[in-house]
Amino acid sequence: MPSKQAEAVRRHWTAARRAMVEPGAEPLDDESWGDLTAEPREVDYIETDAGGVPAMWATPKRSAADRVLLCMHGGGYLSGSIYTHRKMFGHLAKATGARALVFGYRLAPEHTHPAQVDDATAVYRWLLDQGIQANRIAFTGDSAGGGLSIATQLRARQRGLPLPAASLLISPWVDMEANGESYVANRDRDPFFLRESVRRFAGVFLGPAGDPHDPLAGPLHADLSGLGPIYIQVGGDETLLDDARRLDEYARKAGVDVQLDVFPGMLHTFQMAAGRAPEADEAVRRMASWARPRLGLQPATGPVTD
């Protein structure tokens, strides 16, 4: 049974669906997504320009300056920002003991694929140019940002850049055709992500001439061999469950070290309730525990409190 605090995530997605389909319904403020997350204590934020892309450093007190989480926000490539997601990634950075760099890639429909991959690759190149070693960087992202975390590695490999140490993916969106069986199995549990809606989002993201089989848009069509370890979290009640399952299976077949955690009763990107919902805090703790040794950091000595 989800906690009372985790039910706020369900209310968010229910309100988002109502705003999208009900005539006369009040539009949902995009920035309200970030209201799900409690403000993490002892984390400083500084906005910056990262290779021409707007970005924000989230720097926890006593964090390792040379270890970085490169954070890619969700929102279907249509919404979301460094402001909606700074707190969630701040919680993750604090638990990990690293800095987080959250950036704001260009959004569809004004900017269709591959603009988002181009922006993410530019930020990664900029981060390397700052002297941060690739094996001290982990990519992380939720939903569209999860898919972008894989696509950016594929583009980096194409351009001869070193690959990051690891990836932490939250409810990754990796199938532009929405073919997973979980769209049927979880249809009555997920209040927002219907198959037809996701396909419509994909069409806007890809543009009129876009190809859903493009590996940089749908990593299920990519060669994932040679990528670093991947850790995936997904909610058991979300319709994108099979995106995570299929990515896990596909990566394993490519020889990638991958771990999948399914959280029963949880919905898409429930980690946005970090600092409030115990399920979200446990998910952040697991991500941080998994990431620390991949970044060459010692295990945490005690619980992270906010």
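Structure first, text after, so check above.
Residues numbered from 1 in each chain as written. Predicted model: local features only at pLDDT ≥ 70, side-chain atom pairs only at ≥ 80, totals over all residues. Heavy atoms only, no water.

Draft legend 1. Region of interest: unusual backbone geometry. A cis amide bond, omega 5 degrees, links A108 with the succeeding residue P109. With respect to the helices and strands, the residue P109 is situated in the loop between β4 (98-103) and α3 (115-129). The omega angle of the peptide bond from H113 to P114 is 10 degrees, so this bond is cis rather than trans. Structurally, P114 can be placed in the loop between β4 and α3. One non-glycine residue, Y77, adopts positive backbone phi at about 65 degrees. Mapping Y77 onto the fold places it in the loop between β3 (64-72) and α2 (82-96). By relative accessible area, Y77 is classed as buried at 1%. With a phi close to 60 degrees, S143 is a non-glycine residue in the positive phi region. Considering the arrangement of structural elements, one finds S143 in the loop between β5 (137-142) and α4 (144-158). Overall, S143 belongs to the buried group, its relative accessible area being 5%. (Helix = DSSP H or I, 4+ residues; strand = E, 2+ residues; numbered from the N terminus. Buried < 20%, exposed > 50% of the residue type's maximum accessible area, 1.4 Å probe, protein only.)

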